[in-house]
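Observations on chain architecture
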Amino acid sequence: MTVFSPRLLERYRELLPEKEDFDSFVRVSKTRNPKTIRTNTLKASDAWVESRLRERNISFEKHEGVPHLFTLQNLSFLLGGMWETQMGFWQPQETASQLPPLVLDALPGEHVLDMAAAPGNKTIQLASGMQNTGVLVACEPNKERAKALRFVLGKAGVVNAGVALQDSLTLPDSLRFDKILLDAPCSGEGLLRKKPQTLKSWSEKYVQHKAQLQVKMALKAVALLKEGGTLVYSVCTLSPEECEGVLTTLLHAHPAMKIVPISMPAGLAGRPGLSSFRNRTFSSGMSHAVRLYPQDHNTQSFFIAKLVKGREK
Amino acid sequence: MKIPFCSPSVAKRYTDYLTSRYGIPLSTMKKWSWIQHKENVFVVDSSWVPLASPAPSGLNIFSLGLQVFANGKTFEPTSNFITLFGEHIKQNIVELPETKLLSLFNRAHVTLENARMVRVLSDGWVAVSLNGKIIASAALKGKHLIPNLPGSSHGSDGD
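This one's a predicted model, so the numbers in the text were calculated from it and none came from an experiment.

Focus on the sheet that holds strand β7 (residues 110–111) of chain B
All names here are of chain B. In spatial order, the strands read β7-β11-β10-β9-β6-β8; together these six strands make up an open sheet with mixed pairing. For this open sheet the edge positions go to β7 and β8 (116–118), each flanked by a neighbour on one side alone. Pairing of strand β6 (residues 93–95) with strand β9 (residues 124–130) involves three bridges; the strand directions are parallel. Note on β9: the bridge partner recorded for I93 is A127.

In structure tokens form, the structure reads like this:
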């Protein structure tokens with residue numbers, strides 16, 4: 001059962017001042033995420049996935065805007081137990097979590113970095129966009145999680161990725177990437193529909209701690225990004241400190257970085273980033289960032305921004 | 001860190017095998033570089049070669065590319081590879097009905113009753129298909145199929 005801490009509720013009352021909106025947030029947050037899968041286009045087509053779902057008598061709806069995304073409606077067994085999942089023909093993956101690779105739009109032959117890659121579904125999406133070519137570096141500092149990441153990438157048939165067993169902060173500064181995904185470790189408020197226990201570790205101190213780490217990672221991302229390259233920053237939380245706050249610090253440190261508009265898929269418009277929260281005013285351009293609240297599109301909470309690196313002065 | 005990329009002659013041994021056993025065209029494999037670590041054989045997109053030979057100091061590569069053979073001497077292929085290149089596999093295919101396929105996924109040896117053999121040249125490693133789509137790898141031994149599937153799942157329920 002989801003029980004919000006009073007301080008967290010207080011925050012969301014500030015973020016969602018209209019009572020109806022706030023009540024809707026709380027109500028939807030107490031429900032589970034819809035079951036969704038993404039076709040692994042390295043191995044299968046949407047038509048094949050549709051035929052398998054029909055064969056298994058699973059009702060489904062194909063998302064109007066997110067490619068290869070299916071919402072499953074009458075699932076009576078575990079997705080992980082199905083051979084289609086086990087053999088990597090599709091991946092269970094939440095709707096909002098499919099956005100960062102979609103927004104980054106990694107292309108064949110590019111050099112791409114996934115700074116916090118485990119468990120690996122976004123890495124697979126990146127490899128799919130790259131048509132299994134180019135260089136894809138997937139960082140994971142924990143050995144057991146790196147093994148799991150290797151397993152998941154193998155199952156999906158990813159040929160162009162290397163798993164780097166290290167904190168992405170320790171990557172050599174000589175590396176340069178065309179595109180970087182920083183789906184940063186966060187306080188995880190957005191996961192509460194999936195893991196209500198997430199809230200047990202929530203505190204404002206924990207949010208601050210994560211924000212400090214995120215700033216370090218974002219600064220490292222800029223150092224590793226080619227001029228003209230693209231960085232997508234995302235977190236599965238809506239804490240302003242971890243969203244607009246991190247980007248504001250980044251933009252102050254690197255004026256050459258610019259937040260650019262995101263072309264969101266149909267059915268997932270989201271809301272613009274905040275211009276301020278409590279006593280902090282955020283950098284201009286935050287309106288190009290996107291906040292996804294669970295009550296808007298029946299997703300987990302999510303924040304995403306796309307930045308382009310201009311010429312450093 | 002030095003990545004053990006294969007010499008062109010060793011790589012040719014592997015591509016020749018895949019062409020002769022499964023009919024995979026050489027052209028689909030020419031953009032890969034081959035890596036051998038002990039008995040395990042991997043392929044990676046050749047774009048990695050300038051970056052990884054040798055990898056810059058400070059880049060700690062834990063794994064690279066996709067495992068093709070679990071054993072390079074016996075050419076034991078991985079299901080991960082076979083299913084990725086399914087559309088290019090033209091021979092040594094055993095088409096199973098779904099009930100038999102489920103038994104195979106339960107790691108049982110299955111008999112070939114109701115199976116359809118597609119240009120099966122000899123016993124040995126074969127691709128297993130369902131309604132024409134390559135789904136897994138197995139070993140054909142007489143009238144039995146022995147599953148050759150990935151190890152225990154470390155997959156997530158989605159991130």
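Concerning the packing of aromatic side chains
Scanning the model with the defined rule gives 18 aromatic pairs over all chains in all. With a centroid separation of 5.6 Å and an interplanar angle of 70°, the aromatic rings of F69(B) and F75(B) are classed as edge-to-face. The pair F69(B) / F75(B) is uniform in exposure class, with both members buried. One aromatic cluster in this structure is built from Y14(B), Y17(B), Y22(B), W32(B), W34(B), F69(B), F75(B), F81(B) and F85(B). The cationic tip of K43(A) hangs over the ring face of F89(A); the distance from NZ or CZ to the ring centre is 5.4 Å. Here the guanidinium or amino end of R271(A) rests over the ring plane of Y293(A), the centre of that ring lying 4.5 Å away.

Thoughts on the nonpolar core
Of all hydrophobic cores here, the largest spans 130 residues; its most connected members are L307(A), L18(B) and W34(B). A total of eight residues in this core trace back to one element, the largest contributor, which is helix α8 (residues 204–224) of chain A. Formed jointly, this core draws a minimum of three residues from each of two domains, domain 1 (8–77) and domain 2 (86–147) of chain B. In terms of nonpolar packing, the next biggest core, distinct from the first, is built from 30 residues, A44(A), I58(A), V94(B) and I135(B) among them.

Regarding empty space enclosed by the protein
Residue and element names in this part refer to chain A. Going through the model one piece at a time under the given rule, you end up with one cavity of 30 Å³ or more. Computed from the structure, the largest cavity encloses a volume of approximately 40 Å³. Every residue lining the largest cavity is listed: F25, S29, E189, G190, L192, R193, P294, T299, Q300 and S301. Residue classes in the lining of the largest cavity are distributed as three nonpolar, five polar and two charged.

Side note on the interface of chain B and chain A
Counting from both sides, the interface comprises 43 residues of chain B and, opposite them, 49 residues of chain A. In total, about 3700 Å² of surface goes out of reach between chain B and chain A, with carbon and sulfur atoms giving 61% of it. Across the contact surface, chain B and chain A share one salt bridge. A salt bridge links E98(B) to R52(A), with the shortest nitrogen-to-oxygen separation between them at 2.4 Å. For the pair chain B and chain A, the interface holds 13 residue pairs in polar contact (both at pLDDT 80 or more). Class assignment of the residues belonging to the side of chain B that touches chain A gives a composition of 21 nonpolar, 16 polar and six charged. With three bridges joining them, strand β7 (residues 161–164) of chain A and strand β3 (residues 61–64) of chain B adopt antiparallel strand pairing. Paired with G162(A) across the two strands is L64(B), which belongs to β3(B).

What about the pattern of salt bridges?
Where charged atoms from two side chains of opposite charge approach closely, those side chains can pair. Residues and elements named next belong to chain A. Tallied over the full model, the rule gives 23 salt bridges over all chains. E110 serves as the salt-bridge partner of K179, at 3.1 Å between the closest nitrogen and oxygen. Of this pair, K179 sits in strand β8 (residues 177–183) while E110 sits in the loop between α5 (99–104) and β5 (111–114), and the two are 69 residues apart along the sequence. On the accessibility criterion, K179 (10% relative accessible area) is buried. On the accessibility criterion, E110 (16% relative accessible area) is buried. Its salt-bridge partner being K226, residue D178 comes within 2.9 Å of it at the nearest N-O pair. With D178 in strand β8 and K226 in strand β9 (residues 225–235), the pair connects residues that are 48 residues apart, well separated along the chain.

So, the packing of α8(A) against helix α9 (residues 244–253) of chain A
All names here are of chain A. Between α8 and α9, whose axes approach to 9 Å, the crossing angle comes to 40°. Compared by their axis directions, α8 and α9 come out oblique. Every pair of crossing elements has a handedness; the one defined by α8 and α9 is right-handed. Taken together, the residues of α9 that come into contact with α8 (itself represented by A211, Q214, V215, A218, L219 and V222) are V246, T249, L250 and A253. Looking at the contact of α8 with α9, its residues break down into eight nonpolar, two polar and no charged.

Rules used throughout
Starting afresh in each chain, residues are numbered from 1 along the sequence in its written order. To read the labels, note that chains go from A and ligands from 1, taken in the order they are written. Note on the predicted model: pLDDT of at least 70 is required for a residue's local features to be given, and 80 or more for side-chain atom pairs to be given and counted; whole-chain, interface and lining totals, by contrast, use all residues. Side-chain measures here rest on the full set of heavy atoms in the structure, leaving out hydrogens and waters. Two strands qualify as a pair provided that DSSP identifies no fewer than 2 bridges between them. Each helix is a run of H or I in the DSSP string that is no shorter than four residues. Each strand is a run of E no shorter than two, and both are numbered from the N terminus. For this analysis, a ring pair means two rings from Phe, Tyr or Trp (six-membered ring only for Trp) whose centres lie within 6.5 Å, classed as stacked if their planes differ by under 30 degrees, edge-to-face if by over 60, and tilted for the remaining angles. Type-normalised accessible area, obtained with a 1.4 Å probe on protein chains alone, sets the label of each residue: buried when under 20%, exposed when over 50%, and partly exposed for intermediate values. A positively charged side chain is recorded as over a ring if its NZ (Lys) or CZ (Arg) lies within 6 Å of the ring centre. The angle to the ring normal must also be within 35 degrees. Take the buried residues of types Ala, Val, Leu, Ile, Met, Phe, Trp, Tyr and Cys, join any two whose side-chain atoms come within 4.5 Å, and each joined set is a nonpolar core. Boundaries of every domain are those given by an automatic assignment or by a domain database. Buriedness of a pocket was judged along seven lines, with at least five required to meet protein on both sides within 12 Å; pockets are open sets of points on a 1 Å grid over the protein atoms alone, cavities are sets where a 1.4 Å probe fits but cannot get out, and lining residues have an atom within 4 Å of a point. Grid points are joined across faces, edges and corners, and a volume is the space filled by probe spheres set on the points. Residues were grouped as follows: Ala, Val, Leu, Ile, Met, Phe, Trp, Tyr, Cys and Pro as nonpolar; Asp, Glu, Lys and Arg as charged; and all remaining residues, including Gly, as polar. By definition, residues are in contact when any of their heavy atoms lie within 4.5 Å. Throughout, buried area stands for the accessible area (probe radius 1.4 Å) lost by two parts on being put together, summed over both. Any Lys or Arg side-chain nitrogen found within 4 Å of a carboxyl oxygen on Asp or Glu counts as a salt bridge. We call two N or O atoms a polar contact when they sit within 3.5 Å, provided that within protein one can donate a hydrogen and the other can accept it, with sequence-adjacent residues counted only if both atoms are side-chain atoms. Working convention: axes come from line fits to C-alpha atoms, limited for helices to the stretch in contact. Angles between N-to-C directions cover 0 to 180 degrees. Orientation categories follow fixed angle ranges, with anything under 35 degrees roughly parallel, anything over 145 roughly antiparallel, 65 to 115 roughly perpendicular, and all other angles oblique. In a left-handed crossing the near helix is turned counterclockwise from the far helix by less than a right angle, and in a right-handed crossing that turn is clockwise.

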